[in-house]
Amino acid sequence: MPDLFSDQRPEAQWHGKDILHLPNAFDADASLRALKAVFDVSPLRHMKTPGGQQMSAAMTSAGALGWISDSQGYRYSPIDPLTGYAWPDIPPVLLATAQAAARRYGRAAFAPDACLINRYAPGARLTAHQDRDEQDVSIPVVSLSFGASARFRIGGQDRADPMETIILEHGDALVFGRSKRLAYHAVMPMKPGAHPALGPDRIVCTFRVAG
Ligand code: SIN
Ligand code: FE2
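We now turn to the structure provided with this report. On a predicted model such as this, the values are computed, not experimentally measured, just so you know.

## Focus on the coordination of the iron ion (ligand 2)
The coordination sphere of the iron ion (ligand 2), as far as protein atoms go, consists of H129 (NE2), D131 (OD) and H185 (NE2), spread over 2.1 to 2.2 Å. Relative to the metal, the four donor atoms surrounding the iron ion (ligand 2) lie at angles of 90 to 172°, and the coordination shape comes out irregular. Motif for the iron ion (ligand 2), donor spacing along one chain: H-x1-D-x53-H. Owing to a relative accessible area of 22%, H129 belongs among the partly exposed residues under this scheme. Owing to a relative accessible area of 5%, D131 belongs among the buried residues under this scheme.

Structure (structure tokens):
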């Protein structure tokens, strides 16, 4: 089991009542090995937005449902369109970490069926969006970060609401739910940086109950 209760771990940081940041919450190196096995089955790829623009983060998924984007729109699919097969299972080590983070948030039962994985190279970003392709938005989203640090921005349910910045580093977990479940969020363009685990890149896994 990942140790979310170790004494060396910096304190959990609540941003308001509905965003929980858990710095250095898990053994990211072991989890990265499991992620590489996912990429062998369903490789990271650059998808296109419905408008035809290439997304700057490379993406793939694990779990019963994967998130895809193409000319027909954004949606979850049980089949990886690149391989024609089901997505790989969510690695147990990652699932256990995400569930432990959800528990800390107050969500005892968290059974994600989708793990969306993004890889950001230097300069890559994620523009402000809501995670709203999931059926039940009473369930929080959990993210696990790897590699280079990111400036994650999160605001409110209106695009114009002010945003705050949370720095997400290798081994950090983040949970957003309740009043923040449909909050607009973004990742600022990645600065050139380096982390021993992934060089200049960052990987994030976001766990959702989609179906
Ligand atoms: C996402 O919003 O899907 C990913 C967020 C992140 O990169 O931390
Ligand atoms: Fe998102």
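## Digging into the sheet that holds strand β3 (residues 58-62)
The antiparallel open sheet is built from seven strands, whose spatial order is β1-β2-β11-β8-β13-β6-β3. Edge positions in the sheet fall to β1 (13-15) and β3, since each of these pairs with one other strand and no more. Averaged over all neighbouring strand pairs, the angle between strand axes comes to 20°, with direction disregarded. In the sheet, strand β2 (residues 19-22) pairs with strand β11 (residues 173-176) via four bridges, with the strands oriented antiparallel. Looking across to β11, one finds that L22 is bridged to A173. Of the strands in this sheet, β1, β2, β8 (141-147), β11 and β13 (202-208) touch helix α2 (residues 92-105), which is tilted by about 125° from β8.

The rules we used
- Residues numbered from 1 in each chain as written.
- Chains lettered and ligands numbered in written order.
- Predicted model: local features only at pLDDT ≥ 70, side-chain atom pairs only at ≥ 80, totals over all residues.
- Heavy atoms only, no water.
- Donors = N, O, S within 2.8 Å, 3.2 Å for Na, K, Ca; no water.
- Tetrahedral: all angles 85-135°; square planar, octahedral: opposite > 155°, others 65-115°.
- Buried < 20%, exposed > 50% of the residue type's maximum accessible area, 1.4 Å probe, protein only.
- Pairing = 2+ DSSP bridges.
- Helix = DSSP H or I, 4+ residues; strand = E, 2+ residues; numbered from the N terminus.
- Axes fitted to C-alpha atoms, helices over the stretch in contact; angles between N-to-C directions.
- Contact = heavy atoms within 4.5 Å.

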